[in-house]
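# Topology and contacts: notes
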Amino acid sequence: MGIRICGKISPGAIAGGGKHESFFHRLGKRLFAGFADELREEIRQVLQRETQELERSVEAWTWERYQRTEKLVENWTWERYQQTEKLLKDTIDRRLQKLMPLPSLRTLDVHIAEHCNLNCQCCDNFSPIAEEQYTDYDSLARDFARLRELSHGQVGTIYLDGGEPLLHPRIADFVSLTREHFEESDIYVVTNGILLAQMPEAFWEKCASNHAGVLITKYPIHLDMETIEAKAAEHGVVWRFYDESADYKEKTTTFMPLDMHGGHESYQNFVNCYHANYCIYLWEGRIYTCSVAASIRHFNRFFHEDLPDVPENSISIYEAKDMDEILRFLCRPIPLCEYCDIPGRTFDIPWGISKQEKSEWAHV
Ligand code: SF4
Ligand code: SF4
(Lines give C-alpha, C1' and ligand atoms only; values in the text may rest on other atoms or scores of the structure.)
(Ligands and ions follow the chains in the order given, each with its own letter.)
Protein backbone atom coordinates (compact mmCIF):
# COMPACT_ATOMS: atom_id res chain seq x y z
CA MET A 1 0.00 0.00 0.00
CA GLY A 2 1.42 3.49 -1.00
CA ILE A 3 0.62 7.01 0.32
CA ARG A 4 0.86 9.73 -2.25
CA ILE A 5 1.38 13.24 -0.69
CA CYS A 6 0.30 16.30 -2.60
CA GLY A 7 3.17 18.67 -3.53
CA LYS A 8 1.48 21.71 -2.05
CA ILE A 9 1.13 20.28 1.44
CA SER A 10 4.65 19.45 2.57
CA PRO A 11 5.20 16.74 5.15
CA GLY A 12 7.08 19.27 7.31
CA ALA A 13 4.15 21.64 7.38
CA ILE A 14 1.71 18.88 8.25
CA ALA A 15 3.95 17.40 10.86
CA GLY A 16 5.21 20.63 12.44
CA GLY A 17 1.94 22.70 12.35
CA GLY A 18 2.01 26.35 13.64
CA LYS A 19 0.00 29.51 14.32
CA HIS A 20 0.16 30.67 10.69
CA GLU A 21 -1.55 27.55 9.29
CA SER A 22 -4.14 28.38 6.64
CA PHE A 23 -7.61 26.92 6.60
CA PHE A 24 -6.57 24.49 3.89
CA HIS A 25 -3.59 23.42 5.87
CA ARG A 26 -5.76 22.69 8.90
CA LEU A 27 -8.35 20.95 6.72
CA GLY A 28 -5.66 18.83 5.04
CA LYS A 29 -4.17 18.04 8.40
CA ARG A 30 -7.51 16.84 9.77
CA LEU A 31 -8.23 14.85 6.67
CA PHE A 32 -4.77 13.34 6.73
CA ALA A 33 -5.02 12.60 10.45
CA GLY A 34 -8.25 10.71 9.78
CA PHE A 35 -6.64 8.97 6.89
CA ALA A 36 -3.57 8.08 8.99
CA ASP A 37 -5.81 6.66 11.71
CA GLU A 38 -7.55 4.53 9.12
CA LEU A 39 -4.24 3.47 7.70
CA ARG A 40 -2.88 2.65 11.13
CA GLU A 41 -5.97 0.59 11.87
CA GLU A 42 -5.66 -1.22 8.57
CA ILE A 43 -1.98 -1.91 9.16
CA ARG A 44 -2.78 -3.04 12.68
CA GLN A 45 -5.39 -5.46 11.40
CA VAL A 46 -3.10 -6.78 8.68
CA LEU A 47 -0.32 -7.22 11.18
CA GLN A 48 -2.68 -8.92 13.59
CA ARG A 49 -3.97 -11.27 10.88
CA GLU A 50 -0.48 -12.07 9.70
CA THR A 51 0.79 -12.54 13.22
CA GLN A 52 -2.07 -14.88 14.01
CA GLU A 53 -1.46 -16.76 10.77
CA LEU A 54 2.22 -16.95 11.49
CA GLU A 55 1.55 -18.02 15.03
CA ARG A 56 -0.80 -20.74 13.81
CA SER A 57 1.64 -22.05 11.25
CA VAL A 58 4.56 -21.90 13.67
CA GLU A 59 2.43 -23.67 16.23
CA ALA A 60 1.32 -26.33 13.71
CA TRP A 61 4.83 -26.79 12.42
CA THR A 62 6.26 -27.02 15.90
CA TRP A 63 3.59 -29.44 17.08
CA GLU A 64 3.99 -31.61 14.04
CA ARG A 65 7.77 -31.57 14.37
CA TYR A 66 7.47 -32.21 18.07
CA GLN A 67 5.20 -35.19 17.47
CA ARG A 68 7.44 -36.59 14.76
CA THR A 69 10.53 -36.08 16.87
CA GLU A 70 8.85 -37.57 19.90
CA LYS A 71 7.79 -40.63 17.87
CA LEU A 72 11.27 -40.96 16.46
CA VAL A 73 12.85 -40.73 19.87
CA GLU A 74 10.26 -43.07 21.32
CA ASN A 75 10.76 -45.68 18.58
CA TRP A 76 14.49 -45.36 18.65
CA THR A 77 14.61 -45.55 22.40
CA TRP A 78 12.22 -48.49 22.62
CA GLU A 79 13.96 -50.40 19.84
CA ARG A 80 17.37 -49.65 21.28
CA TYR A 81 16.12 -50.47 24.74
CA GLN A 82 14.82 -53.84 23.54
CA GLN A 83 18.05 -54.59 21.67
CA THR A 84 20.17 -53.59 24.62
CA GLU A 85 17.99 -55.54 27.01
CA LYS A 86 18.25 -58.67 24.84
CA LEU A 87 21.99 -58.30 24.51
CA LEU A 88 22.37 -57.87 28.24
CA LYS A 89 20.03 -60.74 28.97
CA ASP A 90 21.85 -63.06 26.56
CA THR A 91 25.21 -62.06 27.96
CA ILE A 92 24.06 -62.41 31.54
CA ASP A 93 22.30 -65.70 30.75
CA ARG A 94 25.36 -67.08 29.03
CA ARG A 95 27.68 -65.98 31.80
CA LEU A 96 25.32 -67.08 34.52
CA GLN A 97 24.93 -70.43 32.83
CA LYS A 98 28.70 -70.81 32.94
CA LEU A 99 29.13 -69.60 36.49
CA MET A 100 26.06 -70.97 38.25
CA PRO A 101 26.11 -74.57 39.40
CA LEU A 102 23.65 -76.59 37.32
CA PRO A 103 20.73 -78.02 39.30
CA SER A 104 21.81 -81.47 38.11
CA LEU A 105 23.92 -82.97 35.36
CA ARG A 106 21.93 -81.92 32.33
CA THR A 107 24.20 -83.82 29.93
CA LEU A 108 27.11 -86.18 30.25
CA ASP A 109 29.48 -87.30 27.48
CA VAL A 110 31.18 -90.65 27.88
CA HIS A 111 34.02 -91.71 25.60
CA ILE A 112 33.70 -95.29 24.41
CA ALA A 113 36.81 -95.12 22.18
CA GLU A 114 39.45 -92.39 22.03
CA HIS A 115 40.42 -92.89 18.39
CA CYS A 116 38.26 -92.46 15.30
CA ASN A 117 37.83 -93.81 11.78
CA LEU A 118 37.18 -90.37 10.27
CA ASN A 119 39.94 -88.15 11.70
CA CYS A 120 38.57 -84.66 11.13
CA GLN A 121 40.96 -81.74 11.24
CA CYS A 122 40.85 -79.76 14.52
CA CYS A 123 38.75 -82.47 16.27
CA ASP A 124 38.07 -81.16 19.78
CA ASN A 125 38.58 -84.64 21.21
CA PHE A 126 42.04 -84.85 19.59
CA SER A 127 40.99 -88.21 18.14
CA PRO A 128 43.16 -88.01 14.97
CA ILE A 129 46.25 -87.89 17.21
CA ALA A 130 44.96 -90.24 19.92
CA GLU A 131 46.29 -93.75 20.26
CA GLU A 132 43.89 -96.62 19.64
CA GLN A 133 42.19 -96.87 23.01
CA TYR A 134 38.95 -98.53 24.06
CA THR A 135 37.03 -97.77 27.24
CA ASP A 136 37.19 -100.55 29.80
CA TYR A 137 33.74 -102.01 30.49
CA ASP A 138 34.29 -102.84 34.18
CA SER A 139 35.88 -99.51 34.89
CA LEU A 140 32.93 -97.64 33.35
CA ALA A 141 30.49 -99.90 35.24
CA ARG A 142 32.16 -98.78 38.52
CA ASP A 143 32.07 -95.13 37.50
CA PHE A 144 28.41 -95.35 36.54
CA ALA A 145 27.53 -97.00 39.85
CA ARG A 146 29.26 -94.21 41.80
CA LEU A 147 27.70 -91.51 39.65
CA ARG A 148 24.26 -92.99 40.10
CA GLU A 149 24.83 -93.00 43.84
CA LEU A 150 25.88 -89.32 43.78
CA SER A 151 23.20 -88.12 41.36
CA HIS A 152 20.39 -90.46 42.47
CA GLY A 153 20.22 -91.40 38.79
CA GLN A 154 19.38 -87.82 37.81
CA VAL A 155 21.41 -87.26 34.65
CA GLY A 156 19.45 -85.65 31.82
CA THR A 157 21.03 -87.00 28.65
CA ILE A 158 23.95 -89.37 28.30
CA TYR A 159 25.91 -89.35 25.05
CA LEU A 160 28.05 -92.39 24.30
CA ASP A 161 30.68 -90.97 21.96
CA GLY A 162 34.43 -90.63 21.53
CA GLY A 163 36.29 -90.86 19.17
CA GLU A 164 34.03 -93.18 17.29
CA PRO A 165 31.97 -95.34 19.71
CA LEU A 166 30.98 -97.90 17.06
CA LEU A 167 34.65 -98.97 16.85
CA HIS A 168 34.28 -100.54 20.28
CA PRO A 169 33.39 -104.25 19.89
CA ARG A 170 31.22 -103.99 23.04
CA ILE A 171 29.25 -100.89 22.13
CA ALA A 172 25.95 -102.79 22.49
CA ASP A 173 26.92 -103.79 26.06
CA PHE A 174 27.72 -100.16 26.88
CA VAL A 175 24.22 -99.19 25.79
CA SER A 176 22.71 -101.76 28.21
CA LEU A 177 25.13 -100.77 30.98
CA THR A 178 24.13 -97.13 30.68
CA ARG A 179 20.42 -97.96 30.90
CA GLU A 180 20.99 -100.25 33.88
CA HIS A 181 22.36 -97.33 35.88
CA PHE A 182 20.30 -94.47 34.53
CA GLU A 183 16.73 -95.61 34.13
CA GLU A 184 15.28 -92.21 33.36
CA SER A 185 18.02 -90.60 31.26
CA ASP A 186 17.86 -90.06 27.53
CA ILE A 187 20.65 -92.14 26.02
CA TYR A 188 22.21 -91.62 22.60
CA VAL A 189 25.05 -93.21 20.69
CA VAL A 190 26.74 -90.34 18.83
CA THR A 191 28.44 -91.52 15.65
CA ASN A 192 29.90 -90.32 12.38
CA GLY A 193 27.76 -93.07 10.84
CA ILE A 194 30.51 -94.79 8.83
CA LEU A 195 29.98 -98.18 10.51
CA LEU A 196 26.26 -97.85 11.14
CA ALA A 197 24.95 -99.71 8.10
CA GLN A 198 27.05 -102.75 8.97
CA MET A 199 26.39 -102.88 12.70
CA PRO A 200 25.32 -106.35 13.91
CA GLU A 201 21.72 -107.06 14.89
CA ALA A 202 22.72 -107.09 18.57
CA PHE A 203 23.54 -103.38 18.39
CA TRP A 204 20.14 -102.44 17.01
CA GLU A 205 18.38 -104.79 19.42
CA LYS A 206 20.17 -103.36 22.47
CA CYS A 207 19.43 -99.83 21.33
CA ALA A 208 15.77 -100.73 20.90
CA SER A 209 15.34 -102.66 24.15
CA ASN A 210 17.13 -99.93 26.15
CA HIS A 211 15.33 -97.07 24.44
CA ALA A 212 18.61 -95.58 23.26
CA GLY A 213 18.69 -93.40 20.17
CA VAL A 214 21.34 -92.89 17.51
CA LEU A 215 22.64 -89.43 16.63
CA ILE A 216 24.53 -89.10 13.38
CA THR A 217 26.81 -86.12 12.91
CA LYS A 218 26.30 -84.95 9.36
CA TYR A 219 29.77 -84.89 7.81
CA PRO A 220 30.22 -84.29 4.08
CA ILE A 221 30.83 -87.99 3.48
CA HIS A 222 28.76 -90.69 1.83
CA LEU A 223 26.64 -92.82 4.16
CA ASP A 224 24.38 -95.68 3.16
CA MET A 225 21.34 -93.92 4.58
CA GLU A 226 18.92 -96.32 2.90
CA THR A 227 20.28 -99.28 4.87
CA ILE A 228 20.64 -97.24 8.06
CA GLU A 229 17.05 -96.03 7.91
CA ALA A 230 15.79 -99.51 7.09
CA LYS A 231 17.69 -101.08 10.05
CA ALA A 232 16.53 -98.41 12.44
CA ALA A 233 12.93 -98.78 11.30
CA GLU A 234 13.08 -102.58 11.44
CA HIS A 235 14.18 -102.47 15.10
CA GLY A 236 12.23 -99.43 16.11
CA VAL A 237 15.32 -97.40 16.95
CA VAL A 238 14.96 -93.64 16.93
CA TRP A 239 17.71 -91.88 14.99
CA ARG A 240 18.30 -88.36 13.78
CA PHE A 241 21.07 -86.10 12.63
CA TYR A 242 22.90 -84.46 15.50
CA ASP A 243 21.81 -80.96 14.56
CA GLU A 244 18.51 -80.65 12.76
CA SER A 245 18.14 -76.87 12.96
CA ALA A 246 16.81 -75.31 9.76
CA ASP A 247 20.04 -73.55 8.80
CA TYR A 248 22.30 -76.52 9.54
CA LYS A 249 23.59 -78.34 6.50
CA GLU A 250 26.78 -80.25 7.10
CA LYS A 251 29.46 -80.23 9.74
CA THR A 252 32.12 -77.61 9.36
CA THR A 253 35.38 -77.22 11.23
CA THR A 254 35.97 -75.01 14.24
CA PHE A 255 39.54 -73.95 14.89
CA MET A 256 40.05 -73.74 18.66
CA PRO A 257 43.65 -72.65 19.11
CA LEU A 258 45.66 -73.51 22.17
CA ASP A 259 48.41 -71.10 23.15
CA MET A 260 51.59 -72.81 24.34
CA HIS A 261 52.62 -69.68 26.26
CA GLY A 262 49.43 -69.50 28.31
CA GLY A 263 48.80 -66.27 30.19
CA HIS A 264 45.24 -65.78 28.96
CA GLU A 265 42.67 -64.56 31.45
CA SER A 266 41.09 -67.79 32.71
CA TYR A 267 37.86 -66.27 33.96
CA GLN A 268 37.17 -64.41 30.70
CA ASN A 269 38.02 -67.53 28.70
CA PHE A 270 35.74 -69.66 30.81
CA VAL A 271 32.66 -67.44 30.63
CA ASN A 272 33.09 -67.00 26.87
CA CYS A 273 33.82 -70.65 26.07
CA TYR A 274 30.94 -72.67 24.67
CA HIS A 275 32.43 -75.89 26.06
CA ALA A 276 32.66 -74.68 29.65
CA ASN A 277 30.13 -76.20 32.05
CA TYR A 278 28.31 -77.48 28.99
CA CYS A 279 30.27 -80.31 27.28
CA ILE A 280 30.68 -82.23 30.53
CA TYR A 281 32.76 -85.40 30.29
CA LEU A 282 33.24 -88.47 32.39
CA TRP A 283 36.51 -90.24 31.90
CA GLU A 284 38.22 -92.76 34.17
CA GLY A 285 36.45 -91.77 37.36
CA ARG A 286 36.78 -88.05 36.84
CA ILE A 287 34.42 -85.39 35.53
CA TYR A 288 35.61 -82.56 33.28
CA THR A 289 33.95 -79.27 32.43
CA CYS A 290 34.98 -79.57 28.76
CA SER A 291 36.16 -82.02 26.10
CA VAL A 292 39.47 -80.20 25.69
CA ALA A 293 40.55 -80.83 29.27
CA ALA A 294 39.28 -84.42 29.13
CA SER A 295 41.50 -85.21 26.12
CA ILE A 296 44.47 -82.82 26.34
CA ARG A 297 46.78 -85.76 27.11
CA HIS A 298 46.56 -86.83 23.43
CA PHE A 299 47.85 -83.43 22.31
CA ASN A 300 50.66 -83.43 24.88
CA ARG A 301 51.78 -86.94 23.94
CA PHE A 302 51.64 -86.51 20.16
CA PHE A 303 53.36 -83.11 20.03
CA HIS A 304 55.64 -83.58 23.08
CA GLU A 305 54.05 -80.67 24.86
CA ASP A 306 53.37 -80.10 28.51
CA LEU A 307 50.08 -78.23 28.76
CA PRO A 308 48.45 -78.62 32.17
CA ASP A 309 46.96 -82.10 32.40
CA VAL A 310 46.61 -81.89 36.16
CA PRO A 311 44.11 -83.23 38.71
CA GLU A 312 42.77 -79.68 39.15
CA ASN A 313 41.35 -79.83 35.60
CA SER A 314 38.75 -82.33 36.81
CA ILE A 315 37.05 -83.70 39.89
CA SER A 316 37.13 -87.27 41.12
CA ILE A 317 33.69 -88.80 41.52
CA TYR A 318 35.15 -90.97 44.28
CA GLU A 319 36.56 -88.07 46.28
CA ALA A 320 33.61 -85.70 45.85
CA LYS A 321 31.37 -85.93 48.91
CA ASP A 322 28.20 -85.15 46.96
CA MET A 323 26.82 -84.01 43.62
CA ASP A 324 26.78 -80.38 44.72
CA GLU A 325 30.54 -80.40 45.05
CA ILE A 326 30.85 -81.70 41.47
CA LEU A 327 28.36 -79.19 40.08
CA ARG A 328 30.14 -76.35 41.85
CA PHE A 329 33.49 -77.51 40.49
CA LEU A 330 32.16 -77.59 36.92
CA CYS A 331 31.24 -73.90 36.90
CA ARG A 332 34.72 -72.57 37.68
CA PRO A 333 37.76 -72.05 35.42
CA ILE A 334 40.42 -74.76 35.47
CA PRO A 335 44.21 -74.46 35.04
CA LEU A 336 43.99 -75.32 31.33
CA CYS A 337 41.72 -72.32 30.63
CA GLU A 338 44.77 -70.07 30.66
CA TYR A 339 46.07 -71.88 27.56
CA CYS A 340 42.98 -71.52 25.37
CA ASP A 341 42.71 -68.61 22.97
CA ILE A 342 38.94 -68.22 23.10
CA PRO A 343 38.73 -64.92 21.12
CA GLY A 344 40.95 -66.58 18.49
CA ARG A 345 38.44 -69.34 17.70
CA THR A 346 37.35 -69.49 14.07
CA PHE A 347 34.05 -71.06 13.06
CA ASP A 348 32.63 -72.48 9.83
CA ILE A 349 35.89 -73.47 8.16
CA PRO A 350 35.18 -76.02 5.40
CA TRP A 351 35.45 -79.51 6.85
CA GLY A 352 38.56 -81.58 6.02
CA ILE A 353 40.64 -84.55 7.07
CA SER A 354 43.41 -84.04 9.63
CA LYS A 355 47.03 -83.97 8.53
CA GLN A 356 47.97 -84.45 12.19
CA GLU A 357 49.63 -81.04 12.20
CA LYS A 358 50.01 -79.06 15.38
CA SER A 359 48.61 -75.96 13.67
CA GLU A 360 45.18 -77.66 13.65
CA TRP A 361 44.99 -77.29 17.43
CA ALA A 362 47.45 -74.58 18.39
CA HIS A 363 49.16 -71.35 17.42
CA VAL A 364 52.55 -72.36 16.02
S1 SF4 B 1 34.19 -87.89 13.67
FE2 SF4 B 1 34.06 -86.74 15.57
S3 SF4 B 1 35.48 -87.81 16.95
FE4 SF4 B 1 35.92 -88.49 14.89
S5 SF4 B 1 37.57 -87.14 14.27
FE6 SF4 B 1 35.67 -86.25 13.52
S7 SF4 B 1 35.13 -84.81 15.14
FE8 SF4 B 1 36.63 -86.19 16.00
S1 SF4 C 1 40.06 -75.33 29.10
FE2 SF4 C 1 38.62 -73.72 29.73
S3 SF4 C 1 38.61 -72.26 28.06
FE4 SF4 C 1 39.56 -74.14 27.28
S5 SF4 C 1 37.90 -75.31 26.36
FE6 SF4 C 1 38.03 -75.97 28.48
S7 SF4 C 1 36.62 -74.66 29.65
FE8 SF4 C 1 36.98 -73.70 27.65
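Up top is the structure.
Bear in mind that the values here come from a model prediction, so they are computed numbers and not experimental data.

Reading guide: rules and limits
Residues numbered from 1 in each chain as written. Chains lettered and ligands numbered in written order. Predicted model: local features only at pLDDT ≥ 70, side-chain atom pairs only at ≥ 80, totals over all residues. Helix = DSSP H or I, 4+ residues; strand = E, 2+ residues; numbered from the N terminus. Rg over C-alpha atoms; globule rule 2.2 N^0.38 Å. Buried ≥ 20, exposed ≤ 12 C-beta atoms within 10 Å, placed from the backbone. Near = placed C-beta within 6 Å. Nonpolar A, V, L, I, M, F, W, Y, C, P; charged D, E, K, R; others polar. Right-handed = clockwise from strand over helix to strand, strands pointing away. Pairing = 2+ DSSP bridges. Axes fitted to C-alpha atoms, helices over the stretch in contact; angles between N-to-C directions. Parallel < 35°, antiparallel > 145°, perpendicular 65-115°, else oblique. Left-handed = near helix turned anticlockwise from the far one by under 90°. Contact = placed C-beta atoms within 7 Å. Core = buried A, V, L, I, M, F, W, Y, C linked by C-beta atoms within 7 Å.

Once that is clear, we can look at the overall build of the chain. The secondary structure content of the chain amounts to 9 helices and 10 strands. The globule rule puts the C-alpha radius of gyration for 364 residues at 21 Å, and the 41 Å found for the chain is more than 25% above it. Overall, the C-alpha framework of the chain stretches about 140 × 50 × 45 Å when taken along its three principal axes. The buried share of the chain, reckoned over its 364 residues, is 28%.

Neighbouring residues of ligand 1: Cys116, Leu118, Asn119, Cys120, Cys123, Asn125, Ser127, Pro128, Gly162, Gly163, Glu164 and Asn192. Of the residues in the shell around ligand 1, the class split is 5 nonpolar, 6 polar and 1 charged.

For the rest of this paragraph, the subject is the site of ligand 2. Surveying the vicinity of ligand 2 reveals 14 residues, the closest of which are Cys273, Ala276, Cys290, Cys337 and Cys340. Within the residue set of the shell around ligand 2, elements represented by two or more residues are helix 7 (266-271) and helix 8 (291-303). Partitioned by chemical class, the residues of the shell around ligand 2 number 11 nonpolar, 3 polar and no charged.

Attention now goes to the pairing of strand 2 (residues 155-162). Most of strand 2 is tucked away, with 6 of its 8 residues classed as buried. The parallel pair strand 1 (residues 105-113) and strand 2, bridged by helix 3 (residues 137-151), forms a crossover whose chirality is right-handed. The pairing of strand 2 with strand 3 (residues 186-191) spans 4 bridges and is parallel. Looking across to strand 3, one finds that Ile158 is bridged to Ile187. Once the chain exits strand 2 it traverses helix 4 (residues 171-181) before rejoining the sheet at strand 3, and the crossover so formed is right-handed.

This part takes up the packing of helix 3 against helix 4. In the contact formed by helix 3 and helix 4, the axes pass within 9 Å of each other and the chain directions differ by 20 degrees. Viewed along their axes, helix 3 and helix 4 adopt a mutual orientation that is roughly parallel. Between helix 3 and helix 4 lies a crossing of right-handed hand. In this structure, helix 3 contributes Tyr137, Leu140, Ala141, Phe144, Ala145 and Arg148 to the contact, and helix 4 contributes Asp173, Leu177, Thr178 and His181. Looking at the contact of helix 3 with helix 4, its residues break down into 6 nonpolar, 2 polar and 2 charged.

Along any regular strand, the residues point their side chains to alternate faces of the sheet. Of all 6 residues in strand 3, 5 are buried; the element is thus mostly enclosed. By the bridge criterion, 5 bridges tie strand 3 to strand 4 (residues 212-216) in an arrangement that is parallel. Within strand 4, the position partnered with Val190 by the bridge is Leu215. Remark: the strand 3/helix 5 (residues 201-209)/strand 4 crossover connection has right-handed handedness.

Below, the discussion takes up the nonpolar core. Counting 66 residues, the largest nonpolar core has Leu160, Val175, Val189, Ile287 and Leu336 as the members making the most contacts within it. Setting aside residues no more than four positions away along its own chain, Leu336 makes contact with Val292, Ala293, Ile296, Leu307, Pro308 and Asn313.

Time to look at helix 4. Buried within helix 4 we find Ile171, Ala172, Phe174, Val175, Leu177, Thr178 and His181. On its buried face, helix 4 sits against strand 1, helix 3, strand 2, strand 3, helix 5 and strand 4.

Along the chain, the position of Cys116 falls in the loop between strand 1 and helix 3. Judged by the 23 C-beta atoms lying within 10 Å of it, Cys116 is buried. A C-alpha to C-alpha distance of 30 Å links Cys116 and Gln154, two positions 38 residues apart in sequence. Residues in contact with Cys116, not counting those within four places in the same chain, are Ser127, Pro128, Gly162, Gly163 and Glu164.

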